[in-house]
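Residue-level listing of the chains:
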Amino acid sequence: MKRFILAGLTAGILGMWIPSHAVESAKVIAATCFGCHGPNGKTVNKNGYSIVGKPAAVIEKTLLQYKEDKLKGTIMNKLAKGYTDEEIKKVAEYLATLK
């Protein structure tokens, strides 16, 4: 489990350092989410938060609130700031399609 968490955290942090123009698809961005939020966005950790099955508008609003520091998180604020509003919208739309 520690290896899974470490891999997810590493992927998320690396995702922050990739310039937004280098990210070509919502799937790539979403893949960085899965390290902390579980395989395909469905958490396996009782303290985790699943991000699948949520409406795109809810995901987008939440990510934008993290980006604007209107919500406090341990790492989400930093991660959200690494993406444009358009990238956040596209990843929210993609995550909403996952079951």
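Look up: the structure comes first, before these words.
Residues numbered from 1 in each chain as written. Predicted model: local features only at pLDDT ≥ 70, side-chain atom pairs only at ≥ 80, totals over all residues. Heavy atoms only, no water.

Caption draft 1: Structural detail: the side chain of Glu87. With respect to the element layout, Glu87 can be found in helix α5 (residues 85-97). Among buried charged residues, Glu87 stands out as having no salt bridge; its nearest opposite-charge side chain is Lys67, 7.2 Å away. Reaching out from Glu87, the side chain makes a polar contact with the backbone nitrogen of Thr84 at a distance of 2.9 Å. (Helix = DSSP H or I, 4+ residues; strand = E, 2+ residues; numbered from the N terminus. Buried < 20%, exposed > 50% of the residue type's maximum accessible area, 1.4 Å probe, protein only. Lys, Arg positive; Asp, Glu negative; His and termini not counted. Salt bridge = Lys/Arg side-chain N within 4 Å of Asp/Glu carboxyl O. Polar contact = N/O pair within 3.5 Å; in protein donor to acceptor, adjacent residues only side chain to side chain.)

Caption draft 2: Structural context of the packing of helix α3 (residues 56-67) against α5. Following both chains from N to C, one finds α3 and α5 inclined at 145 degrees, their axes separated by 8 Å at the closest point. The crossing of α3 and α5 is right-handed. Facing Ala56, Ile59, Glu60, Leu63, Leu64 and Lys67 of α3, the residues of α5 in contact are Asp85, Ile88, Lys89, Val91, Ala92, Glu93, Leu95 and Ala96. Broken down by class, the residue content of the contact of α3 with α5 amounts to 9 nonpolar, no polar and 5 charged. (Axes fitted to C-alpha atoms, helices over the stretch in contact; angles between N-to-C directions. Left-handed = near helix turned anticlockwise from the far one by under 90°. Contact = heavy atoms within 4.5 Å. Nonpolar A, V, L, I, M, F, W, Y, C, P; charged D, E, K, R; others polar.)

Caption draft 3: Representation of the packing of helix α2 (residues 26-37) against α5 within the structure. One can describe the packing of α2 onto α5 by two numbers: an axis separation of 9 Å at closest approach and a directional angle of 75 degrees. As judged from the angle between their axes, α2 and α5 are roughly perpendicular. Contact residues: α2 offers Ala26, Lys27, Ile29, Ala30 and Phe34, while α5 offers Glu87, Lys90, Val91, Tyr94 and Leu95. When grouped by side-chain class, the residues that make up the contact of α2 with α5 number 7 nonpolar, no polar and 3 charged. (Parallel < 35°, antiparallel > 145°, perpendicular 65-115°, else oblique.)

Caption draft 4: Representation of the pattern of salt bridges. Applying the stated criterion across every chain yields a total of 5 salt bridges. With a closest N to O distance of 3.2 Å, Glu68 and Lys70 form a salt bridge. Beyond isolated ion pairs, a larger network of salt bridges with shared partners links Glu86, Lys90 and Glu93.

Caption draft 5: Representation of the environment of Pro39. Relative to the elements of secondary structure, Pro39 occurs in the loop between α2 and α3. In this structure Pro39 comes out as partly exposed when scored by relative accessible area, which is 43%. For the pair formed by Pro39 and Ser50, sequence separation is 11 residues and the distance between their alpha carbons is 9.5 Å.

Caption draft 6: Region of interest: the nonpolar core. Within the largest apolar cluster, 20 residues are counted, with the highest numbers of intra-cluster contacts made by Leu63, Val91 and Leu95. Contributing elements (two or more residues each) for this core: α2, α3, α4 (76-80) and α5. Those residues in contact with Val91, other than ones at most four positions away along the chain, are Ala26, Ile29, Ala30 and Leu63. (Core = buried A, V, L, I, M, F, W, Y, C linked by side-chain atoms within 4.5 Å.)

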